[in-house]
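Below, each chain spelled out in residue letters.
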Amino acid sequence: MTTIQNVAIAGASGNLGISILHALLNSKAFNVTVLSRESSTATFPDSVTVVHVDYTSVPDLTATLKGQDAVVSAVGTAAINTQHPLIEASVAAGVARFIPSEFSADIDNAMSSALPVYQPQITVHKALQGLAQTHPAFTYTLIRNGVLLDWSMAKGFVIAFDSETPSLYDGGDRPLSVSNLASVGQAVVGVLRNPRETRNRVMYVHDLVITQNKVLAMARKLAPARTWNPVVVDTADLEARSRDAYAKGVVTIHSSLGLLIRAAFGEGYGGEFQRVDNELLGVGFKTDVDLEAMVKDAMDHTLVPGS
Ligand SMILES: NC(=O)c1ccc[n+]([C@@H]2O[C@H](COP(=O)([O-])OP(=O)(O)OC[C@H]3O[C@@H](n4cnc5c(N)ncnc54)[C@H](OP(=O)(O)O)[C@@H]3O)[C@@H](O)[C@H]2O)c1
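Residues numbered from 1 in each chain as written. Predicted model: local features only at pLDDT ≥ 70, side-chain atom pairs only at ≥ 80, totals over all residues. Heavy atoms only, no water.

Visitor: Help me understand the packing of helix α9 (residues 235-247) against helix α10 (residues 253-265), please; the structure alone is not making it clear to me.
Guide: If you want to describe how two helices pack, look at the angle between their axes and the distance between the axes. Contact geometry of α9 with α10 gives a least axis separation of 7 Å together with a crossing angle of 145°. Helix-helix and strand crossings are classified by hand; for α9 and α10 the assignment is left-handed. Along its contact with α9, which presents T235, A236, L238, E239, S242, R243, A245 and Y246, the element α10 presents S255, S256, G258, L259, I261, R262 and F265. Of the residues that constitute the contact of α9 with α10, the class distribution is seven nonpolar, five polar and three charged. (Axes fitted to C-alpha atoms, helices over the stretch in contact; angles between N-to-C directions. Helix = DSSP H or I, 4+ residues; strand = E, 2+ residues; numbered from the N terminus. Left-handed = near helix turned anticlockwise from the far one by under 90°. Contact = heavy atoms within 4.5 Å. Nonpolar A, V, L, I, M, F, W, Y, C, P; charged D, E, K, R; others polar.)

Visitor: Help me understand the sheet that holds strand β3 (residues 49-53), please; the structure alone is not making it clear to me.
Guide: Hydrogen bonds between backbone groups are what pair the strands of a sheet, and the pairing can be parallel or antiparallel. One open sheet accounts for seven strands, arranged β3-β2-β1-β4-β5-β6-β10; its pairing is parallel. Two strands in the sheet have a free side with no partner beyond their single neighbour: β3 and β10 (201-204). Sheet twist, expressed as the mean angle between neighbouring strand axes with direction ignored, is 20°. Direction of pairing for strand β1 (residues 6-10) relative to strand β2 (residues 31-37): parallel, over a ladder of five bridges. Looking at β2, one finds that A10 is bridged to L35. Contacts from helix α1 (residues 17-27) reach β1, β2 and β4 (70-73), with the element oriented near 165° to β1. The strands touched by helix α2 (residues 58-65) within the sheet are β1, β2, β3 and β4, with β3 carrying the most contacts at an inclination of about 170°. (Pairing = 2+ DSSP bridges.)

Visitor: Explain the UniProt feature "domain: NmrA-like" (unreviewed entry) in the protein chain here, please?
Guide: Mapped onto this numbering, the UniProt entry annotates "domain: NmrA-like" (unreviewed entry) at residues 5-221. Helix and strand shares over residues 5-221 are 36% and 21% respectively, and the end C-alpha atoms of the span are 47 Å apart. (UniProt positions renumbered as here; feature names shortened; annotations may be inferred.)

Visitor: Sorry, what's going on with the pairing of strand β6 (residues 139-144) here?
Guide: Of all six residues in β6, six are buried, a share of seventy percent or more. Here strand β5 (residues 97-99) pairs with β6 via two bridges, running parallel. Paired with F98 across the bridge in β6 is Y140. (Buried < 20%, exposed > 50% of the residue type's maximum accessible area, 1.4 Å probe, protein only.)

Visitor: Which parts of the structure should I look at to understand the site of the ligand?
Guide: For the ligand, the set of nearby residues contains 25 residues, the closest of which are S13, S36, R37, S40 and S101. In the model, an oxygen atom of the ligand is placed 3.0 Å from a nitrogen or oxygen of the T77 side chain. Separating a nitrogen atom of the ligand from a backbone N or O atom of G146 is a distance of 2.9 Å. In isolation the ligand exposes 920 Å². Once the protein is present, 80% of that is buried. Where the shell around the ligand is concerned, the elements lending two or more residues are β2 and β7 (147-148). Split into classes, the residues belonging to the shell around the ligand amount to eleven nonpolar, twelve polar and two charged. (Near = heavy atom within 4 Å. Polar contact = N/O pair within 3.5 Å; in protein donor to acceptor, adjacent residues only side chain to side chain. Areas by Shrake-Rupley, 256 points an atom, 1.4 Å probe, with all protein chains shown as cover.)

Visitor: Would you mind going over the packing of aromatic side chains with me for this structure?
Guide: The relation between two aromatic rings is expressed through the spacing of the ring centres and the mutual angle of the planes. On inspection of all chains with the given rule, the structure shows three aromatic pairs. Centre to centre, the rings of W151 and F157 are 5.7 Å apart; their planes meet at 65°, and the pair counts as edge-to-face. A residue is classified by how much of its surface remains accessible, and W151, at 27% relative accessible area, is partly exposed. Taking the relative accessible area as the measure of exposure, F157 reaches 32% and is therefore partly exposed. (Phe/Tyr/Trp six-rings, centres within 6.5 Å; stacked < 30°, edge-to-face > 60°.)

Visitor: I'm lost on the sheet that holds strand β11 (residues 208-210) in this one. Help?
Guide: The three strands lie next to each other as β7-β9-β11, forming an open sheet whose pairing is mixed. Edge positions in the sheet fall to β7 and β11, since each of these pairs with one other strand and no more. Here three bridges tie strand β9 (residues 176-179) to β11, and the two strands are oriented antiparallel to one another. Residue pairing across strands places V178 opposite L208, the latter belonging to β11.

Visitor: Please explain α10 as it appears in this structure.
Guide: Residues separated by three or four positions in an α-helix point in the same direction, a consequence of the helix having 3.6 residues per turn. Here α10 spans 18 Å end to end across 13 residues, near enough to the 18 Å set by a 1.5 Å rise per residue. When we look at burial in α10, the residues that qualify are S255, S256, G258, L259, I261, R262, A263, A264 and F265. On the buried face of α10, the contacting elements are α4 (110-113), β7, β8 (167-169), β9, α8 (212-222) and α9. (Expected span 1.5 Å × (residues − 1).)

Visitor: Would you mind showing me how to read the pattern of salt bridges here?
Guide: Pairing is possible between side chains of opposite charge, provided their charged atoms come close. Overall, the coordinates contain 14 salt bridges when judged by the stated rule. For D207, the salt bridge identified is with K286, shortest N-O distance 3.7 Å. You can see D207 sitting in the loop between β10 and β11 and its partner K286 sitting in the loop between α11 (278-281) and α12 (288-300), a full 79 residues away along the chain. Its relative accessible area of 2% is what places D207 among the buried residues. Of the charged contacts in the structure, one is a salt bridge between D288 and K214, with a shortest N-O distance of 3.0 Å. Here K214 lies in helix α8 and D288 lies in helix α12, a separation of 74 residues in the sequence. (Salt bridge = Lys/Arg side-chain N within 4 Å of Asp/Glu carboxyl O.)

Visitor: Looking at this structure, I do not really get unusual backbone geometry. What am I missing?
Guide: Most peptide bonds adopt trans geometry, and most residues besides glycine take a negative phi value. Within the chain, K28 stands out as a residue other than glycine whose phi angle is a positive 55°. Here K28 shows up in the loop between α1 and β2. Given a relative accessible area of 74%, K28 falls into the exposed group. Non-glycine residue F103 carries a positive phi angle of around 50°. Within the fold, F103 resides in the loop between β5 and α4.

Below is the structure:
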């Protein structure tokens, strides 16, 4: 494989998929086809070809993927398991590179990999590794970007700015790798522009490393009139509660949250990446000045209680 030109993207209408789609289009390096569910009402720019697909039909997916060099999947968390027919079809259609929907914490970390929330992703990795061995023309790349910072701050997951008692996980001083949605889009472009270097590899990117206390200090500086009395939350308790829910068969975004928080903030879970591939992928780093601007933006878009 020398170059990748034809790229199909699944889940392009999602929180992250939109950013990946924009990065692919803005790069002007690829012919982009969007795959969208038959039931989807999502809309896309007129300039892209959209194919409505049945994600359960390997023959239909194979026909759709003929001529594609790469498939990027950004399907939602609840749909990670649905990628297996798409992967099988990619192999059958002669697709050279598959990037699965992951965009996560460091799932290779032994403690993170034991969390039940990541088992669907791990099953996907194993499938990709097995297929890459038996079909050498088929390759994959995994992208890990830590916590999606702009998305998370908008939802109050890093610091709940709208609460007077935001949670500080394990005290709020644990460093974690974070990336904005646009940076992940750029990372995908970087992988597709460097197919040889990224072949069958896990790529790590982050914009910067933050702590909750650093973000809270910035918020206090930006809004001196606001009062926050943070509450320390033990991530081991959150993990235990989520595991109990999973053991009872309750697998929801809510029950998963404690596990995702544990992976990001827990000691020994690899929340701060030890190596990153930003340079190869053409993803720049951000500074504390950038972080403060993001905190301001998130606060400006957060309702203050009573306002
Ligand atoms: N690291 C982080 O902090 C972080 C945060 C959020 C998400 N993520 C990860 O980023 C990836 C994308 O998440 P997201 O929040 O952007 O996803 P999302 O918005 O929930 O969904 C993305 C798209 O997936 C498609 N989809 C939904 N259900 C599907 C199904 N059952 N089968 C096939 N396709 C389906 C839809 O596209 P169509 O309607 O066009 O078919 C949807 O717009 C996931 O791997 C997620 O775990 C990471």
